[in-house]
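Observations on the three-dimensional arrangement
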Amino acid sequence: MQSFLRLISTFFIFLSCVENTFAGITSTVIRSQWPSSDIPLDNEVFAVPKGHNAPQQVHITQGDYDGKAVIISWVTSDEPGSSEVQYGTTKGKYDNSAEGKSTSYTFYKYKSGYIHHCLLDGLEYDTKYYYKVGSGGSSREFWFQTPPTIDPDASHKFGIIGDLGQTYNSLSTLQHYMVSGAQAVLFLGDLSYADRYKYNDVGLRWDTWGRFIEQSAAFQPWIWSAGNHEIEYMPYMEEVDPFKSYLHRYPTPYLASKSTSPLWYAVRRASAHIIVLSSYSSFVKYTLQWMWLREEFKRVDREKTPWLIVLMHVPLYHSNNVHFMEGESMRAAFEKWFVRNRVDIVFAGHVHAYERSYRISNIQYNVSSGDRDPVPDKSAPLYITVGDGGNQEGLAGRFRDPQPDYSAFREASYGHSTLEIKNRTHAFYHWNRNNDGKKVATDSFILHNQYWVSNSRRRKLKKYSSKSIT
Ligand SMILES: [Fe+2]
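Residues numbered from 1 in each chain as written. Predicted model: local features only at pLDDT ≥ 70, side-chain atom pairs only at ≥ 80, totals over all residues.

An unreviewed UniProt entry annotates the protein as Purple acid phosphatase of Rhodamnia argentea. Per UniProt, the protein has the following entry under Catalytic activity (unreviewed entry): "a phosphate monoester + H2O = an alcohol + phosphate". (UniProt positions renumbered as here; feature names shortened; annotations may be inferred.)

What follows is the structure, given as structure tokens:
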């Protein structure tokens, strides 16, 4: 009798675990406000700042593991100039300076400008810093805010953008993002789409993109991951060095997380631990990325950074006809770890639409088992595809029909997401379709932390079961 009651209670616990599954929504809305072509070169969003050798394409990213450093990057086009950054906590009063380095590269016959990267470290948390790059009359000034101290209850608002490109749709995404109030961008790969061009125009379109994003990226860190459009394998012009433009222009703090490659790394920010993976680098067992990730998961301390977020370019779960199943090999390699480590969200881009999964996993499947379908799994992450930044390739409008059980919401429109972490247990998530402006909740929900909430639930269950035994 007792075992029968246990069976019944297990059944009801299982039912409560599969809440909301089997009822995904395919939005009938498809919005594309502007044509999918790049903004012309003479548009003001690509304007070169005035003055001899004026710094352009200014952008920043987190410079260390814990958010007390930033890397400031910019380009000078006339001559090398200085790689120094002057900075301080009062506008116009720069008590500190740091010396960076400059680099350059060629791509076919294009010669890049002088690309400067300068690390500012030992910064105070939660502090506004003003900084100046360049010299004389053509110097330029910007500011950024450092994140709060690493703390499980530190609140922080992230923006999530993928596959941005440089069309009017991209501009719309960027403008909407900039009024969201978010403090750092988690970028999901495919930056400029410069590889859609040929010969010297590839380099030119990397430059225009750098000037395009400066309006946001000079003022807050964009945390980068690489996509297929960064590979730039172009043998017809003898360019075969993968990620050449990307690696020269967009540095990452990979050494701080003991990574051997700028393409995969991790940072901690406020109450979040963010792991960046490379879909286009080796990741099977015993490769460097695989071994690094195994170690990085050991470094995750949910007592300090309860929010565990993974970024990659190719989604492991989505149901669009475009790029369907491309993430399967990485899913086979890493999904078990995501579930075991109770990752909160896996964000990806690549597919030019929006889609969110339920908490599901397919880790019981192997080639000799028959259990091929993903199943509801409370320990699994949400898989969210935000590849809808607005690049020139347009929208991926054809979803698979019928909508698979694992797909919770999908819509082929441009937009971006925000994840507003409030404390260790709760965060607000919001996907914002471009045409709706910032106030319309297209896909939004309150997210419960996978570590703290499940721990407290486990404690309650334990309490309950010990009571029922006595
Ligand atoms: Fe892509």
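Picking up where we left off.
To continue, consider the overall build of the protein. Helix and strand counts for the protein stand at seven helices and 26 strands. Here the contacts in the protein between residues at least 6 apart in sequence split such that 73% fall between residues at least 24 apart. (Helix = DSSP H or I, 4+ residues; strand = E, 2+ residues; numbered from the N terminus. Contact = placed C-beta atoms within 7 Å.)

Neither face of strand β13 (residues 184–187) is exposed, since A184 and L186 on one face and V185 and F187 on the opposite face are all buried. Summarising the sheet, strand β12 (residues 156–161) and β13 pair through four bridges and their orientation is parallel. When the sheet's bridge partners are listed, I161 is paired in β13 with F187. Handedness of the β12-helix α2 (residues 168–178)-β13 crossover: right-handed. Examined bridge by bridge, β13 and strand β14 (residues 222–223) share two bridges and lie parallel to one another. Among the inter-strand pairings, L186 is bridged to a residue of β14, identified as I223. (Buried ≥ 20, exposed ≤ 12 C-beta atoms within 10 Å, placed from the backbone. Pairing = 2+ DSSP bridges. Right-handed = clockwise from strand over helix to strand, strands pointing away.)

A few words on unusual backbone geometry. A cis amide bond links D401 to the next residue, P402, at an omega of 0°. Locating P402 in the fold gives a position in the loop between β22 (382–386) and β23 (407–413). Its identity as a non-glycine residue notwithstanding, D126 has a phi of 55°, on the positive side. Structurally, D126 is set in the loop between β9 (114–120) and β10 (128–133). Given 13 C-beta atoms within 10 Å, D126 falls into the partly exposed group. At R342, a residue that is not glycine, the phi angle is positive and equals roughly 50°. Positionally, R342 belongs in the loop between α6 (328–340) and β18 (345–348). Given 20 C-beta atoms within a 10 Å radius, R342 is considered buried.

Hydrogen bonds between backbone groups are what pair the strands of a sheet, and the pairing can be parallel or antiparallel. Within the open sheet, the six strands sit side by side as β14-β13-β12-β24-β25-β26. Their pairing is mixed. Edge positions in the sheet fall to β14 and β26 (443–448), since each has one partner strand and no second. Strand direction decides the pairing type here: strand β24 (residues 415–421) and strand β25 (residues 426–433), joined by seven bridges, are antiparallel. Bridge assignment links S417 to a residue of β25, and that residue is W431.

Overall, the predicted model of the protein reaches an average pLDDT of 92, with 90% of residues at or above 70. Below a pLDDT of 50 lies the segment residues 1–21, which in the model reaches seven contacts outside its immediate sequence neighbourhood of four places, other chains included. Across residues 466–470, where pLDDT falls below 50, the model places zero contacts with residues more than four positions away in sequence or in other chains. (pLDDT = per-residue confidence, 0-100.)

This paragraph deals with the packing of α2 against helix α3 (residues 200–217). α3 packs onto α2 with a crossing angle of 10° between their chain directions and a minimal axis gap of 10 Å. Classified by the angle their axes make, α2 and α3 are roughly parallel. The handedness of the crossing between α2 and α3 is left-handed. The segment α2 lies against α3, with L174, Y177 and M178 engaging I213, Q215 and S216. (Axes fitted to C-alpha atoms, helices over the stretch in contact; angles between N-to-C directions. Parallel < 35°, antiparallel > 145°, perpendicular 65-115°, else oblique. Left-handed = near helix turned anticlockwise from the far one by under 90°.)

Now for the environment of Y354. Position of Y354 relative to the elements: it lies in strand β19 (residues 354–357). In this structure Y354 comes out as buried when scored by C-beta crowding, with 29 C-beta atoms within 10 Å. It is 8.0 Å that separates the C-alpha atoms of Y354 and G415, two residues lying 61 residues apart in sequence.

Before going further, it helps to examine the pairing of β19. Alternating positions in β19 separate into two faces, Y354 and R356 on one and E355 and S357 on the other, with burial throughout. For β19 and β22, the ladder comprises three bridges, and the chain directions are antiparallel. Its bridge partner being in β22, Y354 is matched across the sheet by V386. As defined by bridge partners, β19 adjoins β23 across four bridges and the pair is classed as antiparallel. The residue of β23 that forms the bridge with Y354 is E411.

I72, L186, I274, L311, V346 and F347 are the most contacted members of the largest nonpolar core, which totals 104 residues. If we skip the residues at most four places from it in the chain, I72 touches I60, V85, C118, L120, Y131 and V133. (Core = buried A, V, L, I, M, F, W, Y, C linked by C-beta atoms within 7 Å.)

On to the environment of A217, then. Along the chain, A217 falls in helix α3. Between the C-alpha atoms of A217 and Q57, which are 160 residues apart in sequence, the distance is 8.8 Å. In contact with A217, not counting residues within four places along its chain, are H59, I60 and W222.

It is worth spelling out the sheet that holds strand β4 (residues 84–88) at this point. Taken in spatial order, the four strands make up an open sheet running β5-β4-β10-β11, and their pairing is antiparallel. The two strands at the open ends of the sheet, each matched to only one other strand, are β5 (96–99) and β11 (140–145). The mean inter-strand angle of the sheet, taken between neighbouring strand axes irrespective of direction, is 25°.

It is worth spelling out α3 at this point. The terminal C-alpha atoms of α3, which comprises 18 residues, lie 25 Å apart, in line with the 26 Å expected from a rise of 1.5 Å per residue. The axis of α3 is deflected most strongly, by about 25°, at R211. Among the residues making up α3, those that are buried are V202, G203, R205, W206, D207, T208, W209, G210, F212, I213, E214 and A217. (Expected span 1.5 Å × (residues − 1). Bend = angle between axes of the 7 residues up to and from the residue.)

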